[in-house]
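Chain by chain, the residues:
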Amino acid sequence: MSSVNSLESTLKESYKYGSSCITSTSCEKPQQAFLFGYPIAHSMAPLLHATLFKGVCLPWVYSLLETQDASEFLPALKQQGIIGCAVTMPYKVTMTSAVDEVTDEGRIIGAINTVFLRKAADGSTRYIGTNTDCIGVREAFLQNIPGIISKSTGKPGLVIGGGGACRAAIYALWKWMGVKKIYMVNRLETEIRAIIDSFKATDFSGELVWVSSVNQAEALEAPVLVVGTVPDFPPKEEGEILARKIVQAFLDKEEKGYILEMCYHPRPRTAFFDLGERAGWKVLYGTESMIWQGVAQQVLWTELPFGKFNVDEAAKVITESLDKH
């Protein structure tokens with residue numbers, strides 16, 4: 001799969017929800033996008049998007065709308081001059097019902113992190129929800145590991161965690177990386193059962209396997225791709241300690257693969273990152289997925305080809321900012 005072709009198809013497919021909302025005037029004026037969630041004061045998204053907008057010479061701005069009041073979402077989104085928004089916790093699931101339509105990615109994952117605008121045949125504006133977190137996972141692997149799909153196709157994958165990022169990782173491994181069986185490790189069985197039931201209610205055709213013991217992990221075939229989606233806190237509760245032991249059992253297998261550690265704040269090099277590296281796995285920083293999901297958002301908002309964006313410059317700016325912390 002070509003990253004260029006896959007990202008360009010993201011834009012092309014967006015037009016099935018309506019025609020372009022971009023005009024020559026909108027390209028010249030300071031339009032706005034925003035991040036809706038709570039808490040988000042620590043977010044690096046404004047820095048990322050400011051860099052990307054600047055790189056394509058658009059006078060657009062990206063701001064934070066930090067609130068615990070979900071009713072503020074639609075009024076903010078439907079203000080004049082808004083070209084789209086990002087959605088983060090705790091609203092990724094609830095806002096799927098607030099938009100006019102949800103893409104296949106958002107529907108199957110059960111959560112959106114992006115809203116883009118398209119124009120209906122009658123000239124009205126349509127607000128479309130999608131999920132670019134899954135694109136971030138896909139591109140992190142594609143951009144950094146040559147020939148990765150030939151290595152991952154038909155092999156198991158492993159996703160650690162039980163939140164929205166976990167759902168996006170499952171979709172990415174199944175949809176684009178050729179992974180049909182996905183092991184799931186999490187501190188709470190209830191979260192895993194809810195995710196499995198949610199995917200079963202869609203046209204998802206992969207196999208999700210909850211791994212609940214070290215013995216079970218030791219008996220399973222080694223995964224090729226692993227995605228970590230949990231915060232970088234030392235395990236304390238019984239479920240957290242067991243989950244870490246199960247993950248270690250997978251990492252200790254003779255066959256080694258590739259890990260994407262999606263946690264990157266406040267430090268990209270997490271305890272799980274170090275565990276994977278010491279065990280002999282190739283580990284990718286979470287900033288990779290963060291940057292690429294943001295590039296996908298930019299493609300949808302600006303309606304510009306992927307090749308127009310200076311991704312290397314954006315990565316440099318994010319890395320330098322994190323190094324200062």
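The name recorded for the protein chain in an unreviewed UniProt entry is NAD(P)-binding protein, from Penicillium canescens.

(A) Inspection of unusual backbone geometry at higher detail. Between Tyr38 and the following residue, Pro39, the backbone shows a cis peptide bond with an omega angle of -10°. Its place among the elements puts Pro39 in the loop between β1 (32-37) and α3 (45-55). Each neighbour pair has its own omega, and for Met89 with Pro90 the value is 10°, a cis peptide bond. Tracing the sequence through the fold places Pro90 in the loop between β3 (82-87) and β4 (101-102). One non-glycine residue, Cys57, lies in positive phi territory at about 60°. A positive phi angle, close to 60°, is found at Glu303, a residue other than glycine.

(B) How the structure looks around helix α13 (residues 286-302). Here α13 spans 24 Å end to end across 17 residues, near enough to the 24 Å set by a 1.5 Å rise per residue. Across the 17 residues of α13, 16 count as buried, placing the element largely inside the fold.

(C) Looking closely at the UniProt feature "domain: Shikimate dehydrogenase substrate binding N-terminal" (unreviewed entry) in the protein chain. The residues that UniProt annotates with the feature "domain: Shikimate dehydrogenase substrate binding N-terminal" (unreviewed entry) are residues 35-115. Across residues 35-115, the secondary structure splits into 27% helix and 23% strand, with the terminal C-alpha atoms separated by 10 Å.

(D) Here's a closer look at the pairing of strand β5 (residues 114-119). Of all 6 residues in β5, 5 are buried; the element is thus mostly enclosed. In this structure, β3 lies alongside β5, joined through 3 bridges in antiparallel fashion. Following the sheet pairing, Ala86 is matched in β5 by Thr114. As paired elements, β5 and strand β6 (residues 125-130) share 6 bridges and run antiparallel to each other. Counted as the bridge partner of Val115 is Gly129 from β6. Here β5 folds back onto β6, and the loop between the two strands holds 5 residues, one of which, Gly123, carries a positive phi near 90°.

Here is what the cut-offs are and how they apply
Per-chain numbering applies: the sequence of each chain, read as written, is numbered from 1 onward. Under the rules for a predicted model, residues below a pLDDT of 70 receive no local features and side-chain atom pairs below 80 are neither given nor counted, while totals for whole chains, interfaces and linings still include all residues. Water and hydrogen atoms play no part in the side-chain values, which are based on all heavy atoms of the structure. Here a strand is any run of E in DSSP of at least two residues, a helix any run of H or I of at least four, and the numbering for each starts at the N terminus. Any helix carries an expected span of 1.5 Å times its number of residues minus one. Between buried and exposed lies partly exposed: a residue is buried under 20% and exposed over 50% of the maximum accessible area for its type, with that area taken using a 1.4 Å probe on protein chains only. UniProt positions are given in the numbering used here, feature names are shortened, and annotations may be inferred rather than shown by experiment. Pairing between two strands is assigned when DSSP locates at least 2 bridges connecting them.

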